[in-house]
Amino acid sequence: MRKHRAWALILFMIIFGAAFVQANPQSEYLDNGFQSLLYHAIRLEESFPSVNPVGMAITEFEKAARETLTSGEANLMLGLIYQYLDRPGTALGYYLEFAQQHPEAVWIYSFVGDMYAEMGRLEDAKRSYERTVAGAGEGEIFAQAYVGLGNAALEQGDYTQAKEAFEKALTDAGDYFDARLGLGKALFFLEEYEEAIAALERAQVQAPRSTAMLHYLALSYEAQGLHDQAQHALARYEELQSKD
């Protein structure tokens, strides 16, 4: 799952890159940084081990961060890269810098919350997610923030609050796997096994190789007395675990 999220971040960065370069057509440093990320996405370093596209991207975005017109975008990209590199403390600093430069971009506090959560600072994470939720416009829902709140509630054993947060995320993003998985977990702990199975089976369609999903699906089947289904889910879980 971590590997899947890492590549999702790379894709996210490249898509952002297209928008930023279009908005700043004269930004050579941003352009070079996104080009380097594209090289990483196509695994250029596997053919040319001496090339370090991620390092090159960091260097270019650091240059862009020193330019007034591109510093905000560059700080955001540096945060995303360090999140991808599993360095939440470093990523957090860049996200907070971006937040200072763009106070209107309340969605950034979802990313801030994720970094606090990675660092085990749940109360700080919750405050950041709540700041995103509070700053949402009319009819606007930041699903990532609600997923963050749901995960924090799960960690603290507040399963009812977790359920409500994940359901809120799904009202705006019905295909959000993390929200569907989180809802399944919350329902399992609330002993609402039939509903948990329904949520987790939908999650299985989205990510059939998720070991976390299979684990809770097997537990929910077993709790509901569906022993054959539980054994099948458990066998699949163990098969995938052995390949990791």
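Everything here concerns the structure above.
These remarks concern the structure in this document. If you're wondering where the values come from, they're calculated on a predicted model, not measured in any experiment.

**Regarding the overall build of the protein**
Logical step 1: Helix and strand counts for the protein come out as 14 helices and 0 strands.
Logical step 2: Of the regular secondary structure in the protein, the N- to C-terminal order runs α-α-α-α-α-α-α-α-α-α-α-α-α-α.
Logical step 3: Classification of the 244 residues of the protein by burial places 42% in the buried group.
Logical step 4: Partitioning the contacts of the protein with sequence separation of at least 6, the portion at a separation of at least 24 is 48%.
Logical step 5: Approximately 12900 Å² of the protein is accessible, and the part contributed by carbon and sulfur atoms is 50%.

**Description of the packing of aromatic side chains**
Logical step 1: Evaluation of the coordinates by the stated rule reveals 10 aromatic pairs.
Logical step 2: Centre to centre, the rings of Phe-34 and Phe-61 are 5.1 Å apart; their planes meet at 70°, and the pair counts as edge-to-face. One end of the pair, Phe-34, is in helix α2 (residues 28-41); the other, Phe-61, is in helix α4 (residues 53-65), and 27 residues separate them in sequence.
Logical step 3: The exposure class of Phe-61 is buried, given its relative accessible area of 0%.
Logical step 4: Taken together, a centroid distance of 5.6 Å and an interplanar angle of 45° make the contact between Phe-98 and Trp-107 tilted.
Logical step 5: Classification of Phe-98 by relative accessible area gives buried; the value is 6%.
Logical step 6: Clustering of aromatic rings is evident, with ring pairs tying together Tyr-159, Phe-188, Phe-189, Tyr-193 and Tyr-216.

**Some remarks on the side chain of Lys-126**
Logical step 1: By secondary structure assignment, the location of Lys-126 is in helix α8 (residues 122-134).
Logical step 2: Buried charge Lys-126 goes without a salt bridge, the closest partner of opposite sign being Glu-123 at 4.1 Å.
Logical step 3: One polar contact links Lys-126 to Gln-156, side chain to side chain, over a distance of 3.1 Å.

**Quick look at the pattern of salt bridges**
Logical step 1: In this structure the tally under the stated criterion is 6 salt bridges.
Logical step 2: Linking Asp-124 and Arg-127 is a salt bridge whose minimum nitrogen-to-oxygen distance equals 2.6 Å. Within this pair, Asp-124 and its partner Arg-127 are both found in helix α8, separated by 3 residues, close to a single helical turn.
Logical step 3: What emerges from the salt-bridge pattern is a single network uniting Arg-121, Asp-124 and Arg-127.

Reading the values: rules and limits
- Residues numbered from 1 in each chain as written.
- Predicted model: local features only at pLDDT ≥ 70, side-chain atom pairs only at ≥ 80, totals over all residues.
- Heavy atoms only, no water.
- Helix = DSSP H or I, 4+ residues; strand = E, 2+ residues; numbered from the N terminus.
- Buried < 20%, exposed > 50% of the residue type's maximum accessible area, 1.4 Å probe, protein only.
- Contact = heavy atoms within 4.5 Å.
- Areas by Shrake-Rupley, 256 points an atom, 1.4 Å probe, with all protein chains shown as cover.
- Phe/Tyr/Trp six-rings, centres within 6.5 Å; stacked < 30°, edge-to-face > 60°.
- Lys, Arg positive; Asp, Glu negative; His and termini not counted.
- Salt bridge = Lys/Arg side-chain N within 4 Å of Asp/Glu carboxyl O.
- Polar contact = N/O pair within 3.5 Å; in protein donor to acceptor, adjacent residues only side chain to side chain.

Functional significance is not addressed by these values, which are geometric in nature.
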